[in-house]
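# Per-entry structural report
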Amino acid sequence: MRLTRYTDLALRAVMRLAVVDDEELLTTRQIAASMNVPYTHMAKAIAQLQRLGVIEARRGRNGGLSLTDTGRRTRVGDLVRTLEGNREAVVCEGDTPCPLAGACRLRRALLEAQEAFYSSLNGVTVADLVTAPTGPVLLSLGAPPD
């Protein structure tokens, strides 16, 4: 299964926020720069993560983003499923509907595989994603040069 770029960016943002100290807040711009992605793309992912309650934004001079406790405990499969939406692996309808739609077993098999994918990811929380060796690497991203 291939994730959308949007989901990939959202997961990277969550992982980046999962490794900072509770007192440290990052901005969307800082996260985008540390991940080497366009600010506008990261901003869209951040906005969705806020709506989901995974991250929290604090406004003002000392504002920034932080991962919520709920976000830290979020199961990765559930988060990916939400970010990806109800997209199926194949599209049987549309402008040129598949002539096999009424008798095809592929669609069902792919739906079952997609469910297995999400279920396997649910064994991992956001907090699990940033254990060593990942956490130290994430902390070094965007750090000022020595």
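The following paragraphs examine the structure supplied in this document. Throughout this document, residue positions are counted from 1 along each chain, in the order its sequence is written. pLDDT decides what is reported in this predicted model: residues at 70 or higher carry local features, side-chain atom pairs at 80 or more are listed and counted, and totals for whole chains, interfaces and linings draw on all residues regardless. Computation of side-chain values: all heavy atoms of the structure, hydrogens and water removed.

### Overview of the overall build of the protein
- Numbering of helices and strands starts at the N terminus; helices are DSSP runs of H or I of at least 4 residues and strands are runs of E of at least 2. Counting its regular elements, the protein contains eight helices and two strands.
- If you list the helices and strands of the protein from N to C, you get α-α-α-β-β-α-α-α-α-α.
- For the protein, the residues scored as buried account for 34% of the 146 residues in total.
- The contact rule is simple, with two residues in contact once any of their heavy atoms fall within 4.5 Å. Within the protein, counting contacts between residues at least 6 apart in sequence, those at least 24 apart form 66% of the total.
- To be clear on the numbers: accessible area is Shrake-Rupley with a 1.4 Å probe, and residue cover counts the displayed protein chains and nothing else. Of the roughly 9,200 Å² of accessible surface on the protein, a fraction of 53% belongs to carbon and sulfur atoms.
- Within this scheme the basic residues Lys and Arg register as positive and the acidic residues Asp and Glu register as negative, but His and the chain ends are omitted. Charge positions come from single atoms, namely NZ of Lys, CZ of Arg, CG of Asp or CD of Glu. Within the protein, one finds 18 positive and 16 negative side-chain charges whose respective centroids are separated by 5 Å. Remark: exposure states derive from per-residue accessible area (1.4 Å probe, protein chains only) relative to the maximum for the residue type, with buried under 20%, exposed over 50%, and partly exposed in between.

### What to know about helix α1 (residues 5-18)
- Helix span is expected to be 1.5 Å times the residue number reduced by one. In this model, α1 (14 residues) spans 20 Å end to end at C-alpha, consistent with the 20 Å of a helix rising 1.5 Å per residue.
- Summarising burial for α1: ten of the 14 residues are buried, a large majority.

### Overview of the state of the cysteines
- Cysteine sulfurs are considered disulfide-paired once they come within 2.5 Å of each other. Tallying each qualifying case throughout the model produces zero disulfides.
- Not engaged in a disulfide, the cysteine C104 finds its nearest cysteine sulfur in C98; these two sulfurs lie 5.9 Å apart.

### A closer look at the packing of helix α5 (residues 76-84) against helix α6 (residues 106-121)
- Axes, fitted as lines to C-alpha atoms, cover a helix only where it is in contact. Angles between the N-to-C directions of the axes lie from 0 to 180 degrees. Look at α5 against α6: their axes get within 6 Å of each other, and the N-to-C directions meet at 135°. Between α5 and α6, the crossing angle belongs to the class labelled oblique. When α5 is examined against α6, the residues V76, G77, V80, R81 and E84 are found in contact with a partner set consisting of E115, F117, Y118 and L121.
- Considering only residue class, the contact of α5 with α6 consists of five nonpolar, one polar and three charged. Should an angle fall under 35 degrees it is called roughly parallel, over 145 degrees roughly antiparallel, and 65 to 115 degrees roughly perpendicular, with every other angle called oblique. Under the convention adopted here, Pro, Cys and the residues Ala, Val, Leu, Ile, Met, Phe, Trp and Tyr are nonpolar, Asp, Glu, Lys and Arg are charged, and Gly plus all remaining residues are polar.

### Remarks on the side chain of E84
- Note that E84 resides in helix α5.
- Think of a polar contact as two N or O atoms within 3.5 Å of one another; within protein, one of them needs to be a possible hydrogen donor and the other a possible acceptor, and neighboring residues in sequence only count if both atoms come from side chains. There is a polar contact of 2.9 Å between the side chain of E84 and the side chain of T4.
- One polar contact links E84 to R87, side chain to side chain, over a distance of 2.3 Å.
- When near neighbours in sequence (up to four residues on either side) are disregarded, E84 contacts R2, L3, T4, T7 and Y118.

### Quick look at the pattern of salt bridges
- Here a salt bridge means any side-chain nitrogen of Lys or Arg lying within 4 Å of a carboxyl oxygen belonging to Asp or Glu. Counted under the stated rule, the structure contains eight salt bridges.
- Here R81 and E115 are joined by a salt bridge, their closest N and O atoms 2.7 Å apart. Taken as a pair, R81 in helix α5 and E115 in helix α6 lie far apart in primary sequence, 34 residues in all.
- Note on E115: relative accessible area 38%, which makes it partly exposed.

### Some details on the packing of aromatic side chains
- Between the rings of Phe, Tyr and Trp (Trp by its six-membered ring), a pair exists once the centres lie within 6.5 Å; its type follows the angle of the planes, with under 30 degrees stacked, over 60 edge-to-face, and the other angles tilted. Counted according to the given criterion, the structure contains one aromatic pair.
- Between R29 and the ring centre of Y39, over which it is positioned, the NZ or CZ distance is 4.0 Å. Lysine and arginine charges are scored as sitting over a ring when NZ or CZ, respectively, is within 6 Å of the ring centre and within 35 degrees of the ring normal.

### Focus: the packing of α1 against α5
- Put simply, α1 and α5 touch, their axes get as near as 9 Å, and they point 140° apart. As the angle between them shows, α1 and α5 are arranged oblique. Here α1 runs over α5; the crossing is right-handed. Residues Y6, T7, A10, L11 and V14 of α1 form the contact with α5, whose participating residues are L79, V80, L83 and E84. Crossing handedness: left-handed means the near helix sits turned counterclockwise from the far one by under a right angle, and right-handed means the same turn made clockwise.

### A look at unusual backbone geometry
- Note the cis peptide between A132 and P133, where omega equals 10°.
- As for its placement among the helices and strands, P133 is situated in the loop between α7 (126-129) and α8 (134-140).

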